[in-house]
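# Survey of secondary and tertiary structure
The lines below spell out each chain.
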Amino acid sequence: MNRGASSQAKRRKGELRLPAEEGSPLNFAGYHGRNVMVTGGAGFVGSALVRQLLDTGANVTVYDNFLHGSRANLDDLKGKIAVIPGDVLDEWKLLDAATGANVEYLFHCVGDTYVPTAYDVPKRFFRINVEGTMNVLLLAKRTGMKRVLYVSSTEVYGEAQAPQIDEGHPLHPLNTYAVSKLAADRLCFSLFLEHKIPVVIARIFNAYGPRETEPYVIPEIIAQLDRGDTVRLGNIHAQRDFTYVDDTARGLMALMLSDAPDGTPVNVGSGFPYSVEQVAKTVARLMGRPNAKIVVDPKRLRRYDINVFCCNNSLLRKLTGWVPQVGFEDGLQRTIEWFREHGRRWSWEEFVDETVMYR
Ligand SMILES: NC(=O)c1ccc[n+]([C@@H]2O[C@H](COP(=O)([O-])OP(=O)(O)OC[C@H]3O[C@@H](n4cnc5c(N)ncnc54)[C@H](O)[C@@H]3O)[C@@H](O)[C@H]2O)c1
């Protein structure tokens, strides 16, 4: 049993007050003074990664077309990073941006990411997620980058066939987003084999925290509880392995510099699943609404939903010494505080009044 699994067993006796884990500090000296590009750096994970990279003394360039990433996610970093507006499907602009910045390491965080959107625009998901990744990989070859890290997803595994999912778990993606993520994930492997492109694959489990760009469950719960005492949700029994986004970012940075062989997928996730209902009750308590009503709204059920995702992160721990540092309640509290201090609105709320896309 990995360390995550044993702490998980301990946690079940209590509740969500999971303490942060202790581990040796990760060594990020390899980024100091290096030129690093984050594609999708205006997005949720990308913007957290940009902040962590800046702390190491890296020179950071963001490349993003702001499809759902937000300029506000980078506002406080003006003057500290270069931001190049551009589409990963525009190969020449991407080449220009990467050569101009002399990029050595590239974190590929671009994605068409919100599962229900693919019900309407499935082809767009394949263009951005698969063709976009191909462009980034060929760019890395052409410019001789040291390494690319592709941000893949837990969704490539589909329904869990074991209590914890390790990298050897069968790959049975069950929605169009997931199939596009797997195609790109496997493309990293095949282009490494055929062209020796230096790429490592991070399969990340659900990240949460400030600056979410889509109506995923935690920001949705926070937004609803900010407005009143009722939370309307879809499948409240679904369990997800939630990782605070700064921990996810640190995992990606450690993996990039690790000895993980090129072409290899590595899971990044805390190893602690919580049900949507548990999350809603905890957020309600933290927001001072302990008696909030949780209502299952059939309109919000997805067409097909996965029951449980729980990450076996042994490989990442072995390769890098990474452990999640932010406990779950602490992470939720930080997210709520960020929401309250930043206008009590998530970026997508400019476009939709409620999560009509839960279908
Ligand atoms: N957030 C999670 O919990 C999670 C879980 C598993 C995998 N992932 C993967 O991690 C990556 C980042 O996810 P996120 O949650 O930060 O999503 P996000 O939507 O917030 O970020 C994606 C970014 O890509 C940009 N983008 C989209 N299409 C583009 C294009 N054609 N050219 C340039 N930029 C483009 C968007 O504007 C956005 O800033 C994605 O690849 C996603 O599939 C995320």
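A brief structural summary. (Residues numbered from 1 in each chain as written. Predicted model: local features only at pLDDT ≥ 70, side-chain atom pairs only at ≥ 80, totals over all residues.)

### Considering the site of the ligand
Just so we agree on the cut-off: The C-beta atom of each residue is placed using the backbone, and any residue whose C-beta lies within 6 Å of a molecule or strand is treated as near it. Residues are grouped as follows: Ala, Val, Leu, Ile, Met, Phe, Trp, Tyr, Cys and Pro are nonpolar; Asp, Glu, Lys and Arg are charged; every other residue, Gly included, is polar.
In the neighbourhood of the ligand, 31 residues make up the surrounding shell, with Gly40, Gly43, Gly69, Gly111 and Ser153 lying closest. Of the residues belonging to the shell around the ligand, the class tally is 13 nonpolar, 13 polar and 5 charged.

### What about helix H6 (residues 217-227)?
Put simply, the rule reads: Exposure criterion: with C-beta atoms placed from backbone coordinates, a residue whose C-beta has 20 or more other C-beta atoms within 10 Å is buried, one with 12 or fewer is exposed, and one in between is partly exposed. Strands here mean DSSP runs of E at least two residues long; helices mean DSSP runs of H or I at least four residues long; both are numbered from the N terminus.
Counting buried positions along H6 gives 8 out of 11 residues, so the element sits mostly inside the fold. The complete set of buried residues in H6 reads Val217, Ile218, Pro219, Glu220, Ile221, Ile222, Gln224 and Leu225.

### Focus: the environment of Ala118
Here is the rule we go by: Contacts here follow a simple rule: the backbone-placed C-beta atoms of the two residues must lie within 7 Å.
In this structure, Ala118 sits in the loop between strand E4 (105-108) and helix H4 (122-143). Along the backbone, Ala118 and Asn175 are 57 residues apart, and their C-alpha atoms lie at a distance of 8.4 Å. Setting aside residues up to four positions removed in sequence, Ala118 forms contacts with Phe125, Asn175, Thr176 and Tyr177.

### Focus: the pairing of strand E6 (residues 199-204)
The two faces of a sheet get side chains in turn, since along a regular strand they alternate between them. For the record, the criterion: Paired strands, as defined in this entry, are two strands with at least two bridges between them according to DSSP. The handedness rule is simple: strands pointing away from the viewer, and a clockwise path from the first strand over the helix to the second, make the crossover right-handed.
Counting buried residues in E6 gives 6 out of 6 residues, a clear majority hidden from the surface. By the alternation rule, side chains of E6 split into Val199, Ile201 and Arg203 and Val200, Ala202 and Ile204, which are all buried. Bridge count for strand E5 (residues 147-153) against E6 is 6 bridges, and the pairing is parallel. Residue pairing in the sheet places Ser153 in a bridge with Ile204 of E6. What joins E5 to E6 is helix H5 (residues 176-195), and the crossover it makes is right-handed. In this sheet, strand E11 (residues 265-268) lies alongside E6 in parallel orientation, the contact comprising 4 bridges. Looking at E11, one finds that Ile204 is bridged to Val268.

### Notes on unusual backbone geometry
Even without being glycine, Lys196 reaches a positive phi, approximately 55°. Relative to the elements of secondary structure, Lys196 occurs in the loop between H5 and E6. Taking the number of C-beta atoms within 10 Å as the measure of exposure, Lys196 has 11 and is therefore exposed. In the Ramachandran plot, Arg344 falls in the positive-phi region, its phi being about 50° despite a non-glycine side chain. One can find Arg344 in the segment after helix H10 (328-341).

### Looking at the packing of helix H8 (residues 276-286) against H10
The cut-off we apply is this: Angles shown run from 0 to 180 degrees and are taken between the N-to-C directions of axes, each axis being a line fitted to C-alpha atoms and, for helices, limited to the stretch in contact. When describing relative orientation, an angle under 35 degrees is termed roughly parallel and one over 145 degrees roughly antiparallel, while 65 to 115 degrees is termed roughly perpendicular and anything else oblique. The crossing is said to be left-handed when, going from far helix to near helix, the turn is anticlockwise and less than a right angle, and right-handed when the turn is clockwise.
Look at H8 against H10: their axes get within 10 Å of each other, and the N-to-C directions meet at 60°. Taken together, H8 and H10 sit at an angle that is classed as oblique. The crossing of H8 and H10 is right-handed. Contacts between H8 and H10 involve Thr282, Val283 and Leu286 from the former and Glu329, Leu332, Gln333 and Ile336 from the latter. Residues of the contact of H8 with H10, tallied by class, amount to 4 nonpolar, 2 polar and 1 charged.

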